[in-house]
Amino acid sequence: EKGTYPHFMLKEIDEQPFVIRKIIQEYKNENDEIKLDLDIRQAMKNCDRIYIIAAGTSYHAGLLGKQFIEKLANIPVEVHVASEFSYNMPLLSEKPLFLFISQSGETADSRSVLVQIKELGHPALTLTNVPGSTLSREANYTMHLHAGPEIAVASTKAYTAQMAVLAILAVDTARAKGLELEFDPMQELGIAANAMEALTDQKEELEELAREYLPTTRNCFFIGRSVDHYVGLEGSLKLKEISYIQAEGFAGGELKHGTIALIEDGTPVIALATQENVNYSIRGNVQEVEARGANSLIISMKGLDKEGDAFVIPHVHHLLTPLVSVIPLQLISYYAALHRDCDVDKPRNLAKSVTVE
Ligand code: M6R
């Protein structure tokens, strides 16, 4: 039920902080330790490489999952678009673990990879919002996203839930392997949830930005470096999916290798600047596009912000900024679609779960 909300998408965007708090509760035991199926812990500990398989927004969450697992748990991770995997199967390691990420648990492209790897006898763990779904039933293990039903075609709360569960999984694995960590996922996720909640109260400001930057444009670029790049990919998917503005996400450093040719007077470029180690470089990229006439909109994080930034998110742990920085992108997309009279919850040509290959 939408309740007082005009669209499911807006309701689901607003639910995100509560979903993160729910995940914290669900994955914590009475001693405040991570609560996880022992078989999953063992499978993570035993593998020598993880292959993440997903599509669309879930693939974007997988890109972040790679960062968490490699940086925290020290296990190499490959992230694959499900539909490409079958005919471009990489050389597998000796002890692979397959990690399927899927809101619906019904994505046919992912399922066909699951069937293929099961035939080879490899173990699979599915992260899904629908525990009884095909990908959940057919995998060896399941982790539940606890996001509640996601109705809007554009995925929002499942994406942030996927990242939160991946962060918890990565930390649990690190601890199981005896690695020392300073990162407390439950505490940091709690801080991120508060930041997310604060942003959902800034809708008017974000609607204004959508009006100012995306009124009649045919295209829009998203740039970012490091994890901001992945959030830019997700922001561009959200925007094109519901507003039909042609949008592309790029690594800040890649622009000058071709795409900058598309920048004209007034082209909107949304830049993310939430990472200290690349703050200087991404701002250099913004100058490059501005010099060619781009209308740049910078979304930065408190502490790294500069005068003229269009929107500043609260300060959160640098690994978790994607959970927070995606919210202004979701809301800008929502308002851009609304301003164009698009059917926000049911965009053309799309289905909520893609059950054909
Ligand atoms: O149910 P899944 O997570 O497997 O779905 C994957 C994609 O089809 C999905 O994320 C799609 O990209 C969304 N509509 C994006 O908002």
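Structure's up top.
Procedures and definitions
Residues numbered from 1 in each chain as written. Predicted model: local features only at pLDDT ≥ 70, side-chain atom pairs only at ≥ 80, totals over all residues. Heavy atoms only, no water. Pairing = 2+ DSSP bridges. Helix = DSSP H or I, 4+ residues; strand = E, 2+ residues; numbered from the N terminus. Axes fitted to C-alpha atoms, helices over the stretch in contact; angles between N-to-C directions. Contact = heavy atoms within 4.5 Å. Buried < 20%, exposed > 50% of the residue type's maximum accessible area, 1.4 Å probe, protein only. 1 Å grid on protein atoms, 1.4 Å probe; cavity = no way out; pocket = protein on both sides within 12 Å on 5 of 7 lines; lining within 4 Å. Points joined across faces, edges and corners; volume = space filled by probe spheres on them. Nonpolar A, V, L, I, M, F, W, Y, C, P; charged D, E, K, R; others polar. Expected span 1.5 Å × (residues − 1). Phe/Tyr/Trp six-rings, centres within 6.5 Å; stacked < 30°, edge-to-face > 60°. Lys NZ or Arg CZ within 6 Å of the ring centre and 35° of its normal.

Draft legend 1. Highlighting the sheet that holds strand E1 (residues 49-54). Spatially, E2-E1-E3-E4-E5 is the arrangement adopted by the five strands of the open sheet, whose pairing is parallel. Lying at the two open borders of the sheet, with one neighbouring strand each, are strand E2 (77-81) and strand E5 (141-144). When the angles between neighbouring strand axes are averaged without regard to direction, this sheet yields 20°. In this sheet, E5 lies alongside strand E4 (residues 124-128) in parallel orientation, the contact comprising four bridges. Looking at E5, one finds that Leu125 is bridged to Tyr141. Packed on one face of the sheet, helix H3 (residues 56-73) meets E1, E2 and strand E3 (96-102) and runs near 175° to E2. In the packing of helix H5 (residues 108-119) onto the sheet, contacts are made with E1, E3 and E4, and the angle to E3 comes to roughly 160°.

Draft legend 2. The arrangement of the pairing of E3 in detail. Within E3, seven of the seven residues are buried, which leaves it mostly tucked inside the rest of the structure. Covered by surrounding structure in E3 are Pro96, Phe98, Phe100 and Ser102 together with Leu97, Leu99 and Ile101, the residues of both alternating faces. Relative to E3, E1 runs parallel, the two being bridged by five bridges. Paired with Arg49 across the two strands is Pro96, which belongs to E3. Summarising the sheet, E3 and E4 pair through five bridges and their orientation is parallel. Residue pairing in the sheet places Phe98 in a bridge with Ala124 of E4.

Draft legend 3. Fine view of the layout of surface pockets. Empty space within the largest pocket amounts to approximately 580 Å³. Lining the largest pocket are 27 residues, and of these Ala55, Gly56, Thr57, Glu241 and Val354 sit closest to its centre. Breaking the lining of the largest pocket down by element, the ones donating at least two residues are H3, E3, H5 and helix H10 (227-243). Counted by class, the lining of the largest pocket contains 10 nonpolar, 10 polar and seven charged residues.

Draft legend 4. Focus on the side chain of Ser325. As for its placement among the helices and strands, Ser325 is situated in helix H12 (residues 321-339). Setting aside residues no more than four positions away along its own chain, Ser325 makes contact with Val231, Leu272, Thr274 and Ile313.

Draft legend 5. The arrangement of H10 in detail. Taking 1.5 Å per residue as the helical rise, H10 with its 17 residues ought to reach 24 Å, and the 24 Å between its terminal C-alpha atoms agrees with that figure. For H10, the tally of buried residues reaches 15 of 17 residues, placing the bulk of the element in the interior. Positive backbone phi, approximately 65°, marks Tyr244, located one or two places after H10.

Draft legend 6. The packing of aromatic side chains, seen in detail. Tallying each qualifying case throughout the model produces five aromatic pairs. Judged by centre distance (5.0 Å) and plane angle (80°), the ring pair of Tyr334 and Tyr335 falls under edge-to-face. You can call Tyr334 buried: its relative accessible area is 1%. Take Tyr335: its relative accessible area is 6%, and that puts it in the buried class. Members of the aromatic cluster, connected to one another through ring pairs, are Tyr51, Phe85, Phe98 and Phe100. When the ring centre of Phe18 is taken as origin, the NZ or CZ atom of Arg21, which lies over that ring, is 5.5 Å away. Of note, Arg348 hangs over the ring of Tyr244, and the distance from its end group to the ring centre comes to 3.7 Å.

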